[in-house]
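For reference, the chains in residue letters:
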Protein chains: 2
Amino acid sequence: MRPRDESKISAINEKAIEMIADEGLENFGINKLARAVGVSPATIYIYYPDKDELINQISISEGLKMCSAVLDGFDENMNFEEGLWIQWQNRASYAMANQRGTRFFDQLRHSTYKERMQEAIGEEMKKKAGGFVKNAIKRGEINDMPMEVYWSVAFAPLYSLVKFNEDGYSLGGRKFKLTQKIMKETFSYVIKALKK
Amino acid sequence: MRPRDESKISAINEKAIEMIADEGLENFGINKLARAVGVSPATIYIYYPDKDELINQISISEGLKMCSAVLDGFDENMNFEEGLWIQWQNRASYAMANQRGTRFFDQLRHSTYKERMQEAIGEEMKKKAGGFVKNAIKRGEINDMPMEVYWSVAFAPLYSLVKFNEDGYSLGGRKFKLTQKIMKETFSYVIKALKK
DNA sequence: AAGATAAGTGAGCGAGCGCTCATTTAAAAA
DNA sequence: TTTTTAAATGAGCGCTCGCTCACTTATCTT
């Protein structure tokens, strides 16, 4: 029998990410995607049962990719400040090196497709980063607090900076650029907030 | 001449917000909207030149509504902790009282429609809340820092909590509910981060 | 009451949507 | 080499999309 053309599959996946990141979820379509990749619409349906599942599956795999990038070189037994800083650096590096993936991810995080992706990522993150926080609490480095409070204080500022950087949005006059210096500055505030 | 039926206009606007909030931007359409409101598609085009402008205008007005709600009872000469806390409370109250508006807002913040809305809101916020931060810096209550860093530390955690609350998402086992107690707890971390 | 004007309509245009099917193509198994 | 199998195709289905237009309706001015 004829084997799957794996390069075709990844071409479909990558083009889908590109189109959603660049033109928005609301302008994404299967026929358009097929034309852009250079395959028949029917070919896409060999690999995905329908449009929703295509988006779900791609979002999950892209989410897990980002997840593992964020946790690279990270160990849940690290001391708090060091471990959190590694996650910050990883997240920022990923955002810089993979702007398209970040924009894609951001489109889905607030769409009707978020549930499946959050499930997959949440599970992964809970396993690997959850223990880290519990260790820090046990060691008395930070207060005991709900996970949602922890996440909101420890990571929401970073994600906000990354988004400012993506958008090139300016609250001040000039265009914002997320430098290492600014990241360290913001990180120091977050550490001040969390450390006892 | 026949006058505009203002109740019809607001019915269109409210239904559009409802549909986008509930079904997502990618499932929103003019024919669908017209059917749901009980008017002709053509009627909608009396008030809006096209679909994009409808979304833009509604998003701007909804954004400004939220803006003024957040700044209610707020004065830029307040001391830092008090002024920030009022904005936090206002934002949370708005989110609780107007969940649909918040979900609508969240759909657009990361879509291709974000620019126009951010322009309008950014302008409004810069005027009224920008002076507040500069005062706090001048008084020596907080460090001088880029506006993006300030926003990311001062507000991103709150918006993150609001989103956890909206989604009913659970990082811990049970469903998350944004209580006054949790908000105060998180606020105390943010204040600890920012105050000298 | 008549005329003027803009609000409001319903049918439907062309285009593009998600998706399917009869068919062809390519590579593994025989 | 022939057979078998699934990958891959392209035309096109039924439908909905954003949007328009010839027309009717309601309310104002005269």
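Residues numbered from 1 in each chain as written. Chains lettered and ligands numbered in written order. Predicted model: local features only at pLDDT ≥ 70, side-chain atom pairs only at ≥ 80, totals over all residues. Heavy atoms only, no water.

The name an unreviewed UniProt entry assigns to chain A is TetR family transcriptional regulator, from the organism Chitinophaga tropicalis.

**Focus on the interface of chain A and chain B**
How big an interface is tends to be expressed through the accessible area that disappears when the partners come together. Taken together, the 46 residues of chain A in the interface contact 47 residues of chain B. Together chain A and chain B conceal approximately 3900 Å² of surface at their shared face, both sides included; 59% is due to carbon and sulfur atoms. For the interface between chain A and chain B, the tally reads 2 salt bridges. On the surface where chain A and chain B come into contact, there are 16 residue pairs in polar contact (both at pLDDT 80 or more). Grouping the constituent residues of the side of chain A that touches chain B by class yields 19 nonpolar, 13 polar and 14 charged. (Contact = heavy atoms within 4.5 Å. Buried area = accessible area lost by both parts, 1.4 Å probe. Salt bridge = Lys/Arg side-chain N within 4 Å of Asp/Glu carboxyl O. Polar contact = N/O pair within 3.5 Å; in protein donor to acceptor, adjacent residues only side chain to side chain. Nonpolar A, V, L, I, M, F, W, Y, C, P; charged D, E, K, R; others polar.)

**Notes on the protein's contact with DNA strand C**
Taken together, 26 residues surround DNA strand C, and among them Ile-30 of chain A together with Asp-5, Ser-40, Thr-43 and Tyr-47 of chain B come closest. Considering the 4 Å shell around the protein, atoms of DNA strand C inside it are sugar or phosphate in 57% of instances. For DNA strand C, a phosphate oxygen lies 2.6 Å from a polar atom in the backbone of Ile-30 of chain A. Note that a phosphate oxygen of DNA strand C is positioned 2.3 Å from one of the side-chain N or O atoms of Thr-43 of chain B. Those elements giving two or more residues to the surface near DNA strand C turn out to be helix 2 (30-37) and helix 3 (41-47) of chain A together with helix 3 (41-47) of chain B. Per-class residue counts for the surface near DNA strand C are 13 nonpolar, 4 polar and 9 charged. (Near = heavy atom within 4 Å. Helix = DSSP H or I, 4+ residues; strand = E, 2+ residues; numbered from the N terminus.)

**Some remarks on the UniProt feature "domain: HTH tetR-type" (unreviewed entry) in chain A**
What UniProt calls "domain: HTH tetR-type" (unreviewed entry) maps, in this numbering, to residues 6-66 of chain A. With 80% helix and 0% strand, residues 6-66 of chain A has end C-alpha atoms that lie 22 Å from one another. (UniProt positions renumbered as here; feature names shortened; annotations may be inferred.)

**Notes on the nonpolar core**
In this structure, Leu-84, Tyr-150 and Leu-194 of chain A together with Leu-84, Tyr-150 and Leu-194 of chain B are the most contacted members of the largest nonpolar core, which totals 74 residues. Beyond its immediate chain neighbours, meaning those up to four positions away, Leu-84 of chain B contacts Phe-132, Tyr-150, Ala-154, Phe-155, Phe-187, Val-190, Ile-191 and Leu-194 of chain B. (Core = buried A, V, L, I, M, F, W, Y, C linked by side-chain atoms within 4.5 Å. Buried < 20%, exposed > 50% of the residue type's maximum accessible area, 1.4 Å probe, protein only.)

**Some remarks on the relation of the copies chain A and chain B**
Superposing chain A onto chain B requires a rotation of 180° together with a translation of 0.0 Å along the rotation axis, leaving an RMSD of 0.1 Å. Both copies of the chain, as the preceding transformation shows, are related through a two-fold rotation axis. With an isologous cut-off of 70% or more, the 100% of interface residues of chain A that recur at the interface of chain B puts this contact in the isologous class. (Least-squares fit on C-alpha atoms with pLDDT ≥ 70 in both.)

**A closer look at helix 4 (residues 51-70) of chain A**
All names here are of chain A. With 20 residues, helix 4 should cover 28 Å at 1.5 Å per step; its first-to-last C-alpha distance of 28 Å lies within 8% of that length. Listed as buried for helix 4 are Glu-53, Leu-54, Ile-55, Asn-56, Ile-58, Ser-59, Ile-60, Glu-62, Gly-63, Met-66, Cys-67 and Val-70. Where helix 4 is buried, its residues contact helix 1 (6-23), helix 2, helix 3, helix 5 (80-97), helix 6 (99-109) and helix 7 (114-138). Near the N-terminus of helix 4, the side chain that reaches the backbone nitrogen of Asp-52, with its oxygen 3.3 Å away, is that of Asp-50. (Expected span 1.5 Å × (residues − 1).)

**Regarding the protein's contact with DNA strand D**
Of all residues adjacent to DNA strand D, which total 26 residues, the nearest are Ser-40, Ala-42, Thr-43 and Tyr-47 of chain A together with Ile-30 of chain B. Near the protein, within 4 Å, the atoms of DNA strand D are sugar or phosphate in 59% of cases. Within the contact set of DNA strand D, a base nitrogen lies 3.0 Å away from a side-chain nitrogen or oxygen of Asn-31 of chain B. The side chain of Tyr-45 of chain B places a nitrogen or oxygen atom 2.8 Å from a phosphate oxygen of DNA strand D. Breaking the surface near DNA strand D down by element, the ones donating at least two residues are helix 3 of chain A together with helix 2 (30-37) and helix 3 of chain B. Each residue belonging to the surface near DNA strand D can be placed in one class, and the counts come to 13 nonpolar, 4 polar and 9 charged.

**Let's talk about the pattern of salt bridges**
Close approach of charged atoms allows side chains of opposite charge to pair. Scanning the entire structure with this criterion turns up 28 salt bridges over all chains. Among the ionic pairs, Glu-53 of chain A bridges to Arg-116 of chain A, the shortest N-O distance being 2.8 Å. Separated by 63 residues along the polypeptide, Glu-53 of chain A in helix 4 and Arg-116 of chain A in helix 7 bring together distant segments of the chain. Its salt-bridge partner being Glu-62 of chain B, residue Lys-65 of chain B comes within 3.2 Å of it at the nearest N-O pair. Taken together, the residues Lys-65 of chain B and Glu-62 of chain B, both in helix 4 (residues 51-70) and 3 residues apart, mark about one turn of the helix.

**With respect to the side chain of Ser-59 of chain B**
All names here are of chain B. As for its placement among the helices and strands, Ser-59 is situated in helix 4. One polar contact links the side chain of Ser-59 to the main-chain carbonyl oxygen of Asn-56, over a distance of 2.7 Å. Other than its neighbours up to four places away in sequence, Ser-59 contacts Phe-104, Leu-108 and Met-117.

**Details of the side chain of Lys-114 of chain A**
As for its placement among the helices and strands, Lys-114 of chain A is situated in helix 7. When its relative accessible area of 14% is taken as the criterion, Lys-114 of chain A is described as buried.

**Thoughts on the domain arrangement of chain A**
Residue and element names in this part refer to chain A. Examined at the domain level, chain A breaks down into domain 1 (1-47) and domain 2 (62-194). Taken together, the 8 residues of domain 1 in the interface contact 8 residues of domain 2. Here domain 1 and domain 2 share an interface that buries about 740 Å² over both sides, 68% of which is from carbon and sulfur atoms. Contact with domain 2 buries surface across domain 1, with Ile-17, Ala-21 and Leu-25 losing the most and accounting together for 63% of the total. Linking domain 1 to domain 2 there are 3 salt bridges. With a closest N to O distance of 2.8 Å, Arg-103 and Asp-22 form a salt bridge. Viewed at the interface, domain 2 and domain 1 are joined by 3 residue pairs in polar contact (both at pLDDT 80 or more). For the side of domain 1 that touches domain 2, the residue count by class is 4 nonpolar, 1 polar and 3 charged. (Domains from an automatic or database assignment.)

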